[in-house]
Every structure is written in C-alpha cells, then in structure tokens.
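As a plain string of letters, each chain reads:
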Amino acid sequence: MPTSPRITFLGCGSMNEAILGGILAGGFPKDRVTATVRRSERAAELRVRHGITVLAGSEDAAANRSAAAEADVLIVGVKPAGVRAMLTEVGPVLKSGAVVVSVAAAVPLDLMEAALPAGAQVIRTMPNTPAKLGRGVTALSAGTAAAPASVDLVSSLLAGTGRVVQVPEEQINAVGSVSGSGPAYAFYLAEAMAKAGAELGLDPELAAVLAAETLAGAGAMLAQPGADAAALRRAVTSPNGTTEAAIGVFADRDLPGIIAAGMAAAADRSAEITGELNAAP
C-alpha cells in the first residue's frame, strides 16, 4: 500500500465529513481523497471547503464503483439500511488488499463481510460528533481478515478526529451507549441547566451561555491526563455547601440509575437494529 493511501468516502454526511476534516487537518494530501455524494450542490460545497475530488450522484452505481475502484481505504458513510446494498455494489471492483471501514451504527462485521468478496478486510467503527473538532472518540472493531497493519493504518488516519480505541465487536453497543450517544446526553444536560437557570431568574441567553461554557470547561478538565471524574466532583463539593445540596437531590432521585437505564436502552436499541439489518433480504 502506498505511503499515502488513496481514500474514498462513499457518502459524506456530517460524520464522514468530520472524519474527512480530521484526516486533512493532520496533513493528509487532498489529491489522495475522493468522496461521493447524492446532490451536486453538496459536491460543490465539499470541493470548496476541503479541496478534494467529489463526485455527485452517489445513487448512481457507476459513480460509486468508479470511486471505490481506486480506493486503498474505503470509508462507507451511508445509512445503516443501505450498507449491504452499497457493499454488494462496489465489492467486485475493490482493489486486492483494500480496507473497508464502516461508520454506520449497528451494522455488524459479518453482514459487511458477507456482502464483499471473500477475504475482504473490514473494520467497523463507532465515532461520535466531537470528531468535528478533533475531540471525538472512535472505537474500532476489526473483521476476521483485517490485517494488524490495516487496523494500524485506519487508526492513524482517524487520529486527527480525536481518541481512537480498539474493542471487540461484542462491546461496540456498550461503547455506542457511552461515547456514540454520549454527546447528546451532555447537550440534554446543558438544555436542562439552561432552562433551570432561566426559571431561577436569569436571562435565558445568559443561562444558555453559562450552561454551555460550564460543561465545556468541565470536559476540558476531565480530558487532562490522570483526571478522575469522582475526584473532580468531590473537589467542588464542599461539606454542607450549595453543590452538596444539589448532588443530594440528584442522588435521592437516583440520577445514576436513570442514566444507566437510558444507556442500557441505547445499547438494546443498537442490538435491535442489528437484528433488523440481519433479517432484511
């Protein structure tokens, strides 16, 4: 495989564009990247923003096959229900040794491998939206034929989007319930904090700024080497103080249990979607 592999993005929605931006921010050459999208307007937007080759009309099998045929790394960003058909479509034209990476939630490795020629190198990923800012977390699960060197290559390409971790596929739903869906939990908390602040008499816009900046700052503290969430919380919680009063209410109403139940629901739903995809013709 060349020093700078040729990368093709099949579909370039928000998540694939976040990955694209992270790869390019790391200095990857733009002339080694191609993407396919459905609309010509979107293609023009991506060309201007990123300076890469973009083919419009990704619903056209010829366009997808043309882009896939030149790829050393093929990053599939279509909706989960469309992954099987997309891989079946492009599989026959893939280079020998090409690595196929899926960012589609709940699509299992065995489904991808079954849709591709025997021995295809497949990697399943679970990214999250902070990848857009280089602060994401992406979990990788390697297929049966994925060589360690290919896993390392994909990990290095994704490093520009943030942290990259490797997990066995049986843990990917749990990962999704923590980091995949996790940004939405943080945004939900910010919404609730801002609303409560407004109800306490703050200007709503000010309350929203206070909530957002507080969560961003707390996240930055958690990102420091050796940071421990429980220790950081205790450091802010003075005995018999205001924070302790709030934490006491959260504990009395079993906020940890509510969060755990929500995360379990997210993991269960991912497993259900996988079952639906496997059952589809």
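Residues numbered from 1 in each chain as written. Predicted model: local features only at pLDDT ≥ 70, side-chain atom pairs only at ≥ 80, totals over all residues. Heavy atoms only, no water.

Undergrad: Please clarify how the pattern of salt bridges should be interpreted in this entry.
TA: Between side chains of opposite charge, pairing is possible as soon as their charged atoms come close. Within this structure, the stated rule accounts for nine salt bridges. Residues Arg42 and Glu45 are paired through a salt bridge, measuring 2.8 Å at the closest nitrogen-oxygen approach. With Arg42 and Glu45 both in helix H2 (residues 40–50) and three residues apart, the pair spans about one turn of that helix. Glu45 gets classed as partly exposed once you look at its relative accessible area, which sits at 33%. With its nearest N and O atoms 3.1 Å apart, the salt bridge here joins Arg269 to Glu276. A single salt-bridge network, built from bridges that share partners, covers Glu17, Arg42, Glu45 and Arg49. (Salt bridge = Lys/Arg side-chain N within 4 Å of Asp/Glu carboxyl O. Helix = DSSP H or I, 4+ residues; strand = E, 2+ residues; numbered from the N terminus. Buried < 20%, exposed > 50% of the residue type's maximum accessible area, 1.4 Å probe, protein only.)

Undergrad: I keep staring at the pairing of strand E4 (residues 73–76) and nothing clicks. Help me out?
TA: Put simply, side chains in a regular strand alternate between the two faces of the sheet. Both faces of E4 are covered, namely the face carrying Val73 and Ile75 and the face carrying Leu74 and Val76. Examined bridge by bridge, strand E1 (residues 7–10) and E4 share four bridges and lie parallel to one another. Its bridge partner lying in E4, Ile7 is registered against Val73. As paired strands, E4 and strand E5 (residues 99–102) are joined by four bridges and run parallel to one another. (Pairing = 2+ DSSP bridges.)

Function cannot be read off these values alone, since they describe shape.
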